[in-house]
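Structural overview
For reference, the chains in residue letters:
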Amino acid sequence: MVVEPKVKGSLSLTAHPYGCREAVKRQVEYVKNAKQYKGSKKALIIGASSGYGLATRISLAFGGSKADTIGVSYETASNGRKTGTAGWWNNIFFKQEAEKEGLLAKNFVGDAFSYEMKDEVIKYIKEEFGGKVDIVVYSLASGVRTDPKTGITHKSSLKSRTGNITGPTLNIEKGCLEDKTMENATDEELEETVKVMGGEDWDLWVKALCEADVLASGCKTYAYSYLGPELISGIYRDGTLGAAKRHLEQTARELSIYLKEKIDGDAYVSVNKALVTKASAYIPIFPLYAALLYKVMKNMGIHEGTIEQTHRLFADMIYGDSPEIDDERRIRPDNWELRDDVQEKISEILKDINHENFKELSDYKGYVDDFMNMNGFGFDNVDYSEDIDLDELAKLKP
Ligand code: NAI
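Criteria and thresholds
Residues numbered from 1 in each chain as written. Predicted model: local features only at pLDDT ≥ 70, side-chain atom pairs only at ≥ 80, totals over all residues. Heavy atoms only, no water. Helix = DSSP H or I, 4+ residues; strand = E, 2+ residues; numbered from the N terminus. Rg over C-alpha atoms; globule rule 2.2 N^0.38 Å. Buried < 20%, exposed > 50% of the residue type's maximum accessible area, 1.4 Å probe, protein only. Contact = heavy atoms within 4.5 Å. Lys, Arg positive; Asp, Glu negative; His and termini not counted. Charge placed at Lys NZ, Arg CZ, Asp CG, Glu CD. Core = buried A, V, L, I, M, F, W, Y, C linked by side-chain atoms within 4.5 Å. Polar contact = N/O pair within 3.5 Å; in protein donor to acceptor, adjacent residues only side chain to side chain. Pairing = 2+ DSSP bridges. Axes fitted to C-alpha atoms, helices over the stretch in contact; angles between N-to-C directions. Near = heavy atom within 4 Å. Areas by Shrake-Rupley, 256 points an atom, 1.4 Å probe, with all protein chains shown as cover. Nonpolar A, V, L, I, M, F, W, Y, C, P; charged D, E, K, R; others polar. Expected span 1.5 Å × (residues − 1). Arc of directions from axis to C-beta.

Here's the deal with the overall build of the chain
A tally of regular secondary structure across the chain gives 13 helices and 12 strands. By the compact-globule yardstick of 21 Å for 398 residues, the chain fits well, its C-alpha radius of gyration being 20 Å. If you line up the chain on its principal axes, its C-alpha atoms span 60 × 50 × 45 Å. Expressed as a percentage of its 398 residues, the buried residues of the chain come to 57%. A separation of at least 24 residues holds for 77% of the contacts in the chain among residues at least 6 apart in sequence. Computing the positive centroid from 52 side-chain charges and the negative centroid from 64, the chain places the two 3 Å apart.

Written as structure tokens, this is what we have:
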């Protein structure tokens, strides 16, 4: 099969296996050539197959103390007719890269929210991973979660709480700017979103790991959050996702007390920069903000992609000597995004943006390139005319 990009709305229906390999390799190369740090030796990353989780895994394995890693993700394999998800291939090719360096890289593909997945990971840590992990990073983004205690499936909503919000956004499928409305959430929708994207599952993971005695003394856990500027507060901070992230922050405070007492450990939320990922592409109105942010930060020479932002978080902040921690104990690698000069410039451009000029005024190309790269497309050294034997590739196991 010749694998071609097929985009529907904000979703890529195909992923190019060799392009995903290239995307992983480029991130590995970046980290190998960037600042090195003394960090984790044994890491567990929940949500490790794409976006921030994959970048975390790559930084810890190739930019720090050569960590052995366990990655948990929910991805779909190729079935010979369909290409499989990008994350599926990222898992496989990350593992190949790690094994070349003699590192352990174990992938668990399935539902991280379930008790079964937690049990399997704990069993593996005990029996085959040396008994303990020294860092746990929680980087899940999901639209649904089945609560393992009740069996009830909860669905998150990407909605506001301050009334319907209509604004322009990018439509990659059609290559145009269009108006999108983010609707106002009901109380129930808000609660459901907190159930899915709040801290409940992170808490279950950390306590299960701690009770099973697989967290090393001093082990720290981090979960990723977003805050965003005033400009988009209606669609994020003050909306359903913001409520879920506040719950995540509350969970960090509780887990910090719990871990300090149990293993002299700690728990933090890291507030990261807005970036194109599979998850963020879904948030109504967000893509245009991201494309404007890219434009302004690139012009100022301070733009970071997923790997640059994540590597700075670990090299400078978590394992480095210049952590930025705010009054609420949150680590803030989003500090450059929220600089006044960056936000003022974005607001200025936004006033003038229209259907004719959005490609010049925003970094539309940069946004689309990242979106394509994330699905394995758009690399100049990948032969996209190649007839790929998906059945053969399907034999590669994560
Ligand atoms: P992503 O979509 O690239 O990654 C999500 C990960 O979660 C994937 O590895 C996926 O396989 C995994 N996953 C989803 N459901 C699962 C399940 N049931 N079981 C096991 N694994 C599952 O998303 P992204 O953007 O990297 O998000 C990760 C975290 O970073 C989220 O908490 C997000 O809110 C946060 N964040 C994202 C920002 C952005 O602009 N993309 C900005 C700041 C924070």
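Points about the nonpolar core
In terms of nonpolar packing, the biggest core is built from 70 residues, with Leu 60, Trp 89, Leu 170, Phe 286, Tyr 289, Phe 314 and Tyr 367 touching the most fellow members. If one sorts the elements of this core by residue count, helix α8 (residues 286-299) sits on top with 10 residues. Not counting chain neighbours up to four residues away, the residues in contact with Tyr 289 comprise Tyr 226, Pro 229, Leu 231, Ile 232, Ala 274, Glu 337, Gln 343 and Ile 346. One finds Ala 112, Phe 113, Ile 125 and Tyr 258 within the second-largest nonpolar core, a separate group that totals 37 residues.

Brief notes about the environment of Thr 193
Locating Thr 193 in the fold gives a position in helix α5 (residues 187-197). Each C-alpha atom of the pair Thr 193 and Gly 102 lies 40 Å from the other, and the pair is 91 residues apart in sequence. When sequence neighbours within four positions are dropped, the list of residues in contact with Thr 193 reads Lys 155, Ser 156, Ser 157, Gly 198, Thr 240, Leu 241 and Ala 244. Within the structure, Thr 193 has its side chain in polar contact with the backbone nitrogen of Ser 157 (distance 3.0 Å).

Some points on the sheet that holds strand β6 (residues 133-138)
Ordered in space as β5-β4-β3-β6-β11-β12, the 6 strands form an open sheet in which the pairing is parallel. Two strands close off the open sheet at either side, each with one partner strand: β5 (105-109) and β12 (266-271). If you compare each strand with its neighbour and ignore which way they point, the axes differ by 15° on average. The pairing of strand β3 (residues 42-46) with β6 spans 4 bridges and is classified as parallel. Among the inter-strand pairings, Leu 44 is bridged to a residue of β6, identified as Val 136.

Considerations on the site of the ligand
Close to the ligand lie 30 residues, the nearest being Ser 49, Ala 112, Lys 245, Leu 275 and Thr 277. In this structure, Asp 111 approaches the ligand through a side-chain N or O atom, which is 3.0 Å from a nitrogen atom. At 3.4 Å, a backbone N or O of Tyr 224 approaches an oxygen atom of the ligand. The fraction of the free accessible surface of the ligand (840 Å²) that becomes covered by protein chains is 93%. Counting only elements with at least two residues in the shell around the ligand, the list comes to α2 (51-62) and β11 (215-225). Class assignment for the residues of the shell around the ligand results in 13 nonpolar, 12 polar and 5 charged.

Here we look at helix α10 (residues 340-352)
The terminal C-alpha atoms of α10 lie 19 Å apart, and with 13 residues this matches the ideal 18 Å at 1.5 Å per residue to within 8%. Those residues of α10 lying buried are Val 342, Gln 343, Ile 346 and Ile 349. The buried residues of α10 occupy an angular sector of 125° when the element is viewed end-on, so they sit on one face. Looking at α10, the residues exposed on the side facing more than 90 degrees away from the buried face are Asp 340, Glu 344, Lys 351 and Asp 352.

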